Amino acid sequence: AATAAAAVAGTEQLQALQADQQLSAAEAQLVGTRSNLQTQILGQEATVATARADDADARRQADNAVELAPKGLIAEQEVKRLQERAEQMDARLKSEIQRLEVFTSTMDEQITVQRSQVERLREVVSFRQRLLQSMRVRAGAGGVLRDLGTPPLEEGQWVLAGMRLATVVQPG
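Please read these numbers as outputs of a predicted model, since none were measured by experiment.

Novice: Would you explain the overall build of the chain in this entry?
Specialist: In terms of regular secondary structure, the chain is built from two helices and two strands. Moving toward the C terminus, one meets the helices and strands of the chain in the order α-α-β-β. Relative to the 2.2 N^0.38 estimate, which gives 16 Å for 172 residues, the radius of gyration of the chain is 36 Å and therefore markedly larger than a compact globule would have. By its C-alpha atoms, the chain is 120 × 30 × 20 Å across when sized along the principal axes. Out of the 172 residues in the chain, the part that is buried amounts to 22%. A sequence separation of at least 24 residues applies to 74% of the contacts in the chain between residues at least 6 apart. Of the roughly 12,200 Å² of accessible surface on the chain, 54% is carried by carbon and sulfur atoms. On the chain, the mean spot of the 20 positive side-chain charges and the mean spot of the 23 negative ones are 6 Å from each other.

Novice: Would you take a moment to explain the pattern of salt bridges for this structure?
Specialist: Between side chains of opposite charge, a pair can form when the charged atoms approach closely. Scanning the model with the defined rule gives eight salt bridges in all. A salt bridge links Glu27 to Arg122; the shortest N-O distance between them is 2.9 Å. Separated by 95 residues along the polypeptide, Glu27 in helix 1 (residues 2–68) and Arg122 in helix 2 (residues 76–134) bring together distant segments of the chain. By relative accessible area, which is 29% here, Glu27 ends up partly exposed. Between Arg99 and Glu96 there is a salt bridge, with its nearest N and O atoms 3.3 Å apart.

About the cut-offs
- Residues numbered from 1 in each chain as written.
- Predicted model: local features only at pLDDT ≥ 70, side-chain atom pairs only at ≥ 80, totals over all residues.
- Heavy atoms only, no water.
- Helix = DSSP H or I, 4+ residues; strand = E, 2+ residues; numbered from the N terminus.
- Rg over C-alpha atoms; globule rule 2.2 N^0.38 Å.
- Buried < 20%, exposed > 50% of the residue type's maximum accessible area, 1.4 Å probe, protein only.
- Contact = heavy atoms within 4.5 Å.
- Areas by Shrake-Rupley, 256 points an atom, 1.4 Å probe, with all protein chains shown as cover.
- Lys, Arg positive; Asp, Glu negative; His and termini not counted.
- Charge placed at Lys NZ, Arg CZ, Asp CG, Glu CD.
- Salt bridge = Lys/Arg side-chain N within 4 Å of Asp/Glu carboxyl O.

If you want it as structure tokens, here you go:
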């Protein structure tokens, strides 16, 4: 029976260590998630800047073509092509801005979910540590340990409430 009881205490220690490992992994994942999301946002901001420049360039070319068409310096078909390209670049810019807004708005939500997971695991680790602490028995007064009950108890053994565990005597 003592071997089984020691195994149960060992299992509790193992579960406490596993909870601690899970917490460490979740904290690392939180850092990684935050880093990945910020990198995605920076990349999308660069894409928006490029789309904004392309849109401005296409708009300028279309406006110039509209001014040159009445003078017969540019074909009407070229004017339409440049206007369509300007509309396309405008739509692309709006789309890229929306993607950036989605990235930005969901980043906080994803980090919040990760943080709550870390907090839950911290609570589990704390519970496991308190559980292990509750399994330790300490003498109520100072003295010398004379015996460990009858039959002798072993470290990690489970006992019933009120059971005599040991005898502590005062020296002198």
